[in-house]
Amino acid sequence: MATAPDDSGTESATPAHKPPGYLHQKDAHLKRLRRIEGQVRGLQRLVESDTYCIDVLTQVSAATRALESFALGLLDEHLAHCVSEAVANGDQDAQEKVKEASAAIARLVRS
């Protein structure tokens, strides 16, 4: 199993040989991320145009919810595909995948 630094600067396990669990939804995920990107660009325009603070905060909340929803969907796919497949196949790394998923959940809860 290959390792790569994650956002926190620590090493995270990334299987180099298996496709990600979200592969079948990749186009939909990219479309959704582009929509979120548009929301963030919209926030920039609101600030540039001196929009009222509460209106900007409302849009920040919407963008945050959109990212959280995306993350939860991706986590669900990871559990349904990567983790359940590893457990069903009795893979050595099944416990590691469960541990990774738990850590991802903890990061989402803290954010």
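All of the points below concern the structure found in this document.

## Quick notes on the overall build of the chain
Thought 1: Secondary structure summary: the chain contains three helices and two strands in total.
Thought 2: Start at the N end of the chain and walk to the C end: the helices and strands fall as β-β-α-α-α.
Thought 3: Within the span of the chain, comprising 111 residues, buried residues form 18% of the whole.
Thought 4: Taking as baseline every contact in the chain between residues at least 6 positions apart, the subset at least 24 positions apart corresponds to 46%.
Thought 5: Per element, the accessible surface of the chain, about 8,000 Å² overall, is 57% carbon and sulfur.

## Regarding the environment of Leu-108
Thought 1: Within the secondary structure, Leu-108 sits in helix H3 (residues 94–110).
Thought 2: Other than its neighbours up to four places away in sequence, Leu-108 contacts Ala-71, Leu-72 and Leu-75.

## Considerations on the packing of helix H1 (residues 26–48) against helix H2 (residues 53–88)
Thought 1: Relative orientation of the contacting elements H1 and H2 amounts to 160°, with a least axis distance of 10 Å. The orientation of H1 with respect to H2, classified from their angle, is roughly antiparallel. Judged by the sense of rotation from one axis to the other, the crossing of H1 with H2 is left-handed. Along the contact surface, H1 presents His-29, Arg-32, Leu-33, Ile-36, Gln-39, Leu-43, Leu-46 and Val-47, while H2 presents Val-56, Gln-59, Val-60, Ala-62, Ala-63, Ala-66, Leu-67, Ser-69, Phe-70, Leu-74 and Glu-77.
Thought 2: Split into classes, the residues belonging to the contact of H1 with H2 amount to 13 nonpolar, four polar and two charged.

## Here we look at the pattern of salt bridges
Thought 1: Enumeration over the complete set of coordinates arrives at two salt bridges.
Thought 2: Between Arg-41 and Glu-37 there is a salt bridge, with the nearest N and O atoms lying 3.4 Å from each other. Here Arg-41 pairs with Glu-37, and both are found in helix H1, just four residues apart, close to one helical turn.
Thought 3: Taking the relative accessible area as the measure of exposure, Arg-41 reaches 40% and is therefore partly exposed.
Thought 4: Two residues, Lys-97 and Asp-93, come together in a salt bridge whose shortest N-O distance is 3.8 Å.

Reading the values: rules and limits
- Residues numbered from 1 in each chain as written.
- Predicted model: local features only at pLDDT ≥ 70, side-chain atom pairs only at ≥ 80, totals over all residues.
- Heavy atoms only, no water.
- Helix = DSSP H or I, 4+ residues; strand = E, 2+ residues; numbered from the N terminus.
- Buried < 20%, exposed > 50% of the residue type's maximum accessible area, 1.4 Å probe, protein only.
- Contact = heavy atoms within 4.5 Å.
- Areas by Shrake-Rupley, 256 points an atom, 1.4 Å probe, with all protein chains shown as cover.
- Axes fitted to C-alpha atoms, helices over the stretch in contact; angles between N-to-C directions.
- Parallel < 35°, antiparallel > 145°, perpendicular 65-115°, else oblique.
- Left-handed = near helix turned anticlockwise from the far one by under 90°.
- Nonpolar A, V, L, I, M, F, W, Y, C, P; charged D, E, K, R; others polar.
- Salt bridge = Lys/Arg side-chain N within 4 Å of Asp/Glu carboxyl O.

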